[in-house]
Amino acid sequence: MKIVVEFSSPNVAKKFHVGHLRSTIIGNFIANLKEALGHQVTRINYLGDWGMQFGLLGTGFQLFGYEEKLQSLQHLFERLGIYFDEYSGESFYREKSQEVLKLLDSKGLLQKTIKGTAVVDLSGNGDPSSICTVMRSDGTSLYTTRDVAAAIDQMDKYNFDTMIYVTDKGQKKHFQQVFQMLKIMGYDWAERCQHVPFGVVQGMKTRRGDVTFLEDVLNEIRLRMLQNMASIKTTNELENPQETAERVGLAALIIQDFRGLLLSDYQFSWDRVFQSRGDTGVFLQYTHARLHSLEETLGCGYLNNLNTGCLQEPQSISILQHLLRFDEVLFRSSQDLQPRHIVSYLLTLSHLAAVAHKTLQIKDSPPDVAGARLHLFKAVRSVLAHGMKLLGIIPVYRM
Ligand code: ARG
């Protein structure tokens, strides 16, 4: 299936905010998951409202400013391991919006008001709550009109089977209107469009104040994580502590964000993000690094031996049973587009691994037992890494 995921979509002339951060990590997750399940995914960043400025300021300056913003966006996403196949934006659809207005008019759907604006009755029965304004009195288009134009364009370009928009729940009505408009215009594929709404995060503050730039969040995460890590003695041996701090910190942030239903609002807390005990992203990273060091210290000699008959202890059996559920969990998340199934799966896997690590000796066991156990831990690490990557987390090998 061809799937288009539109996410992040900040407004270039305005500041990036927590809603955009959430859209970025959720959209990236959805795109990763769909791709992992074999779909052909296109990732679009639909930049907002810089076109306004385009008209107000000198062209040269504006183009320069735009380029610069785009570059910094690209750079950030690199930092997060996130990329886009297409940067699109509202301004690209100003002319195409005019075509949409003409089309609406030709279908007899456009109504002029006495104020000089134009509206569409989405219900077709005059219900005032479903009247949608599509043109200002000066003839220019609105957000909804541009989204209708953009959807038609994406359909032409990508012939998608599914189009997914990721924004905060405040835009729920907006997308309902866009989809309904496409429908009454006769585009049956409107039902292939889907809005994935998420809740509001309150109180995300950095030491510099409220979060206004994504960079602020990333820098804050890195700083806090570096301080946390300073208490661990292996930190000194890390090749790139800055990078590790950022990856562990990002894992912490993503897990805290993905634990509940995407639609729920929550109160942000740095303490909860970085709490070292319990079900956090730090714990996942720690488990991954620990399992990796197990493979490294014991070497691959043991791995020549694989006799699954040696895995008889209840600890091994529960891990094997849990590993078998991975497919089912991916399927679940892909159905309702909620990452929490994968999150709780990985946390349980890490707990099981911690118990097994304590009780199942490798070093002093007979070679076939040691080999089988090491294989088991390797399988755990590989599934853990795979799951983390789907969530947008880059696993660390040391911390
Ligand atoms: N730029 C918008 C905002 O910051 C989000 C755009 C969402 N996507 C869309 N196709 N309307 O609110």
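Our structure is the block above this text.
Quantities reported herein were computed from a predicted structural model and do not represent experimental measurements.

**Student:** Looking at this structure, I do not really get the site of the ligand. What am I missing?
**Tutor:** Every residue close to the ligand is listed here: Glu6, Ser9, Asn11, His20, Tyr46, Tyr143, Asp147, Tyr165, Thr167, Gln171 and Phe175. Within the backbone of Ser9, an N or O atom sits 2.9 Å from a nitrogen atom of the ligand. Residue Tyr143 places a side-chain N or O atom 2.7 Å away from a nitrogen atom belonging to the ligand. Its free accessible area being 350 Å², the ligand has 90% of it covered by the protein chains. For the shell around the ligand, the secondary-structure elements that each account for two or more residues are helix H5 (143–158) and strand S7 (162–168). Among the residues forming the shell around the ligand, the class breakdown is four nonpolar, five polar and two charged.

**Student:** Is there a simple way to think about the pairing of strand S8 (residues 193–198) in this case?
**Tutor:** Put simply, side chains in a regular strand alternate between the two faces of the sheet. Judged by how many residues are buried, S8 sits mostly within the fold: five of six residues are covered. As judged from the six bridges shared by S7 and S8, these two strands associate in the parallel manner. Following the sheet pairing, Tyr165 is matched in S8 by His195. Taken together, S7, helix H6 (residues 172–184) and S8 constitute a β-α-β crossover, and its handedness is right-handed.

**Student:** Would you take a moment to explain the pairing of strand S1 (residues 2–6) for this structure?
**Tutor:** Counting buried positions along S1 gives four out of five residues, so the element sits mostly inside the fold. Here five bridges tie S1 to strand S2 (residues 40–47), and the two strands are oriented parallel to one another. Following the sheet pairing, Val5 is matched in S2 by Arg43. Read as a crossover between parallel neighbours, the route from S1 over helix H1 (residues 18–36) to S2 is right-handed. Direction of pairing for S1 relative to S7: parallel, over a ladder of four bridges. Bridge pairing in S7 places Val4 opposite Met163.

**Student:** Would you explain the nonpolar core in this entry?
**Tutor:** As a rule of thumb, soluble globular proteins bury nonpolar side chains together. Val5, Ile30, Val166, Phe258 and Leu391 are the most contacted members of the largest nonpolar core, which has 88 residues in total. When residues of this core are assigned to their parent elements, the largest contribution, twelve residues, is made by helix H14 (residues 367–391). Setting aside chain neighbours within four positions, we find Phe258 in contact with Ile25, Ile26, Phe29, Pro339, Arg340, Val343 and Leu391. Counting residues in hydrophobic clusters, the runner-up holds 33 residues, among them Val120, Met155, Val178 and Leu182.

**Student:** In this structure, what is going on with the sheet that holds strand S4 (residues 110–112)? I would like to understand it.
**Tutor:** Within a sheet, neighbouring strands are paired by backbone hydrogen bonds and run either parallel or antiparallel to one another. Reading across the sheet, the three strands line up as S4-S5-S6 and stay open at both edges, with antiparallel pairing between neighbours. Looking at strand neighbours, the two that pair on one side only are S4 and strand S6 (131–135), the edges of this open sheet. Strand-to-strand twist across the sheet, computed as the mean angle between neighbouring axes with direction ignored, equals 40°. As paired elements, S4 and strand S5 (residues 118–121) share three bridges and run antiparallel to each other.

**Student:** Teacher, can you tell me more about helix H11 (residues 314–324) here?
**Tutor:** Since the α-helix packs 3.6 residues into each turn, any two residues three or four apart lie on the same face. What H11 keeps buried is the set Ser316, Ile319, His322 and Leu323. Down the axis of H11, the sector holding all buried residues measures 130°, keeping them to one side. Exposed residues pointing more than 90 degrees away from the buried face of H11 are listed as Pro314, Gln321 and Leu324. On its buried face, H11 sits against helix H12 (326–336), helix H13 (340–359) and H14.

Reading the values: rules and limits
Residues numbered from 1 in each chain as written. Predicted model: local features only at pLDDT ≥ 70, side-chain atom pairs only at ≥ 80, totals over all residues. Heavy atoms only, no water. Near = heavy atom within 4 Å. Polar contact = N/O pair within 3.5 Å; in protein donor to acceptor, adjacent residues only side chain to side chain. Areas by Shrake-Rupley, 256 points an atom, 1.4 Å probe, with all protein chains shown as cover. Helix = DSSP H or I, 4+ residues; strand = E, 2+ residues; numbered from the N terminus. Nonpolar A, V, L, I, M, F, W, Y, C, P; charged D, E, K, R; others polar. Buried < 20%, exposed > 50% of the residue type's maximum accessible area, 1.4 Å probe, protein only. Pairing = 2+ DSSP bridges. Right-handed = clockwise from strand over helix to strand, strands pointing away. Core = buried A, V, L, I, M, F, W, Y, C linked by side-chain atoms within 4.5 Å. Contact = heavy atoms within 4.5 Å. Axes fitted to C-alpha atoms, helices over the stretch in contact; angles between N-to-C directions. Arc of directions from axis to C-beta.

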